[in-house]
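# Summary of structural features
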Amino acid sequence: MTAGLRIAARGAGQSVRGSGEVLRGISLDLLPAQLTAVAGSSGAGKTVLLETLAGMRVPTSGEVLHDGTTPPGPGPEFGYVPQDDIIHRELPLRRTLVYAAGLRMPSGTTAEVAEAAVAGALDTLGLSHRAETAVRALSGGERKRASIAVELLTRPRVLFLDEPTSGLDPATGAELMHTLRDLAGHGTTVVLTTHNPADLAHCDQVVFLSPSGSPAFVGPPADLCDAFAVATVEEVYGAVASGHCAPSPLAAARVEEAPAATVHGRPPTPGPVRQWLLLTRRSAEILLHNRLSLAVLAGSPVMIVAMFALLFRAGAFDHASPDPGSSAMILFWIAFGAFFFGLTYGLLQICTELPVLRRDRLAGLRIGPYVASKLTVMLPVLAAADALLLAVLRALDRLPAADTGTYVSLFVTSVLASAAALSLGLLASASVSEPGQATLMLPLLCFPQVLFSGAFVPVPKMAWGGQAISWAMTNRWAFEALGAGAGLEDLWRAGTSPLGPPLLASYGDSFGHPATRGWLILGAFTLMLLAATWAVLVRRTRQLSSRSAD
């Protein structure tokens, strides 16, 4: 039987930026083996109170104590289930829980122990028969229970849930409340927020908040209606909205110091290398289970190659009769193809799983291994796409007949261009909140890379503003490095086309530097963009998912 956590609030208040003081004068006790519901109208501060009781927010007045001491923040005794869908939908349920166990269970936990914890969580929540079912195929109630199963892996002493019955039909919601009732019966302290009046009957204690964020009632649900002299729970909402308040004598009597308890240290979580390996395997498995992503990965190179075959004639790099205009455009579109691959692959990598990331952060996940895992999974795929593009273009005679060194140079440039674009895509994905916003970013990020790369208007011919912008375009440096690697200057000088010398003059020394210069710049861009992605994710995962007063 789990030894539950005792939580005490002593005159706790909370302020939220942009909303002012949303909680005031909260004094109550949450006891082991007790199921407590926080109710109230929209905007009353239910979610803020839940996060404050959990230690995710430090109260701006008063105090919150866990077993008589101030909580340092989420720890191994703590389970938090937000309202968001916070598990990956692509994987079978058991595999999802295995990865969650790897991130949450102490360092050194064996695979057998982790598998046993997964089996126990599935059995506790009645999901054993659905273990091999993809999460996306689970019903709404089953997904809610699966989210709870993630937290049960570490046997928490207290479980916080933000509107767990939201969006469920009455029968499924009642079934979930019975499950939570059973968990509390086994010793766990369970606290939830709810908008559903039917949920309150399953609880031991109700905390009903007024619109101002102060407690209008604290006590057993059987006393709720009598306290406001109404017949139904629905009428309580109207009474509280009208300013009625029924402070509970029981709550007032409890405002005494809880006995101090032994503070347990947090077991060490897996180190950064193990987290990186685990996250890399998880990302790769998710990718393989996502048919749409696989279609995009396979289809993008095919589409780009087809466009090359239709746009350009063969022989543009023929030293006897080169086509300067076409050769420049071919190299530009190779650079842009590498950029497009990386950007599109990166844009949806983070925003689709930001709620999962926030939750994993509470369990001790480091952002560095997370970002590194995205690069580790996607960069080999991008390298394969770049190699395929170069190989097909050479086979179609859209690239020069050159030695191995030339093609190594072109390949390295393409991969670095893809890596920089992937990093830009990850940064954009980390900065938005949903896939639709990431999709809107695609043209905004692509157009400047086309216009200011120096292909259509050579950089020396640009206005000073355009030249300044071109320095920040990774596509410029990829284009110039490809031109240097392919020997455009020598090709245009040796050719018989009258366009060669004037075109070369318009580009100035764009292709006169070694390709390694472009490699260094692209590598620096990649590192800077990855560092920016890390910083954005650190900030966003420190912020709580709810910015409102509810």
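As the structure is a prediction and not an experimental result, all values here were calculated from the model. (Residues numbered from 1 in each chain as written. Predicted model: local features only at pLDDT ≥ 70, side-chain atom pairs only at ≥ 80, totals over all residues. Heavy atoms only, no water.)

### As for helix α1 (residues 46–54)
Short version of the rule: When a residue's accessible area, from a 1.4 Å probe over protein chains only, is under 20% of the maximum for its type it is buried; when over 50% it is exposed; and in between it is partly exposed. Helix and strand definitions follow DSSP, with helices as H or I runs of at least four residues and strands as E runs of at least two, each counted in order from the N terminus.
Counting buried residues in α1 gives 9 out of 9 residues, a clear majority hidden from the surface. Regarding α1, the residues found buried are K46, T47, V48, L49, L50, E51, T52, L53 and A54. Downstream of α1 by one or two residues, G55 has phi in the positive range, about 90°.

### Some remarks on the side chain of S409
Our working rule: For this analysis, residues touch if any pair of their heavy atoms sits within 4.5 Å.
Within the secondary structure, S409 is located in helix α14 (residues 404–431). Once residues lying within four places of it in the same chain are set aside, the contact partners of S409 are G485, A515 and W519.

### Comments concerning the packing of helix α9 (residues 272–289) against helix α13 (residues 367–395)
Rule in force here: Comment: axis = line fitted to C-alpha atoms, over the contacting stretch for helices; angle = value between 0 and 180 degrees taken between N-to-C directions. Reported orientations rely on four angle classes, namely roughly parallel under 35 degrees, roughly antiparallel over 145, roughly perpendicular from 65 to 115, and oblique for the rest. Working rule for handedness: look at the near helix, and if it is turned counterclockwise from the far one by less than a right angle, call the crossing left-handed; if clockwise, right-handed.
Running from N to C, α9 and α13 cross one another at 45°; their axes reach a closest spacing of 8 Å. Relative to α13, the element α9 is oriented oblique. Seen from above, α9 lies across α13 with right-handed handedness. Judged by residue contacts, P272, Q275, W276, L279, T280, S283, A284 and L287 of α9 engage P369, Y370, A372, S373, K374, T376, V377 and M378 from α13.

### So, unusual backbone geometry
Its identity is not glycine, yet D67 carries a phi of approximately 50°, on the positive side. Mapping D67 onto the fold places it in the loop between β4 (61–66) and β5 (78–81). A positive phi angle, close to 55°, is found at A229, a residue other than glycine.

### Thoughts on the packing of helix α12 (residues 354–362) against helix α20 (residues 515–542)
Angle between the axes and distance between the axes: these two values describe a pair of packed helices. To keep things clear, this is the line we draw: Any residue that is not Ala, Val, Leu, Ile, Met, Phe, Trp, Tyr, Cys, Pro, Asp, Glu, Lys or Arg is counted as polar, Gly included; the first ten are nonpolar and the last four charged.
At a closest axis distance of 9 Å, the pairing of α12 and α20 adopts a crossing angle of 75°. With respect to their mutual orientation, α12 and α20 come out roughly perpendicular. Residue-level inspection shows L354, L357, R358 and R361 of α12 in contact with α20, the latter providing L537, V538, R540, T541 and R542. Per-class residue counts for the contact of α12 with α20 are 4 nonpolar, 1 polar and 4 charged.

### Re the sheet that holds strand β7 (residues 189–193)
Let me state the cut-off plainly: At least two DSSP bridges between two strands are required for those strands to pair.
Strands sit in the order β5-β6-β7-β3-β8-β9 across an open sheet of 6 strands; the sheet is mixed. The open sheet terminates on both sides in strands that have one partner only, identified here as β5 and β9 (215–219). Ignoring which end each strand starts from, the neighbouring axes of this sheet average 10° apart. Where strand β3 (residues 35–40) and β7 come together, 4 bridges link them in parallel fashion. When the bridges of β7 are listed, T36 appears paired with V191. Lying on the sheet, α1 is in contact with β3, β5, β6 (158–162), β7 and β8 (205–209); it crosses β6 at an angle near 160°. The strands that helix α4 (residues 140–152) touches are β5 and β6; relative to β5, the one it contacts most, it runs at about 160°.

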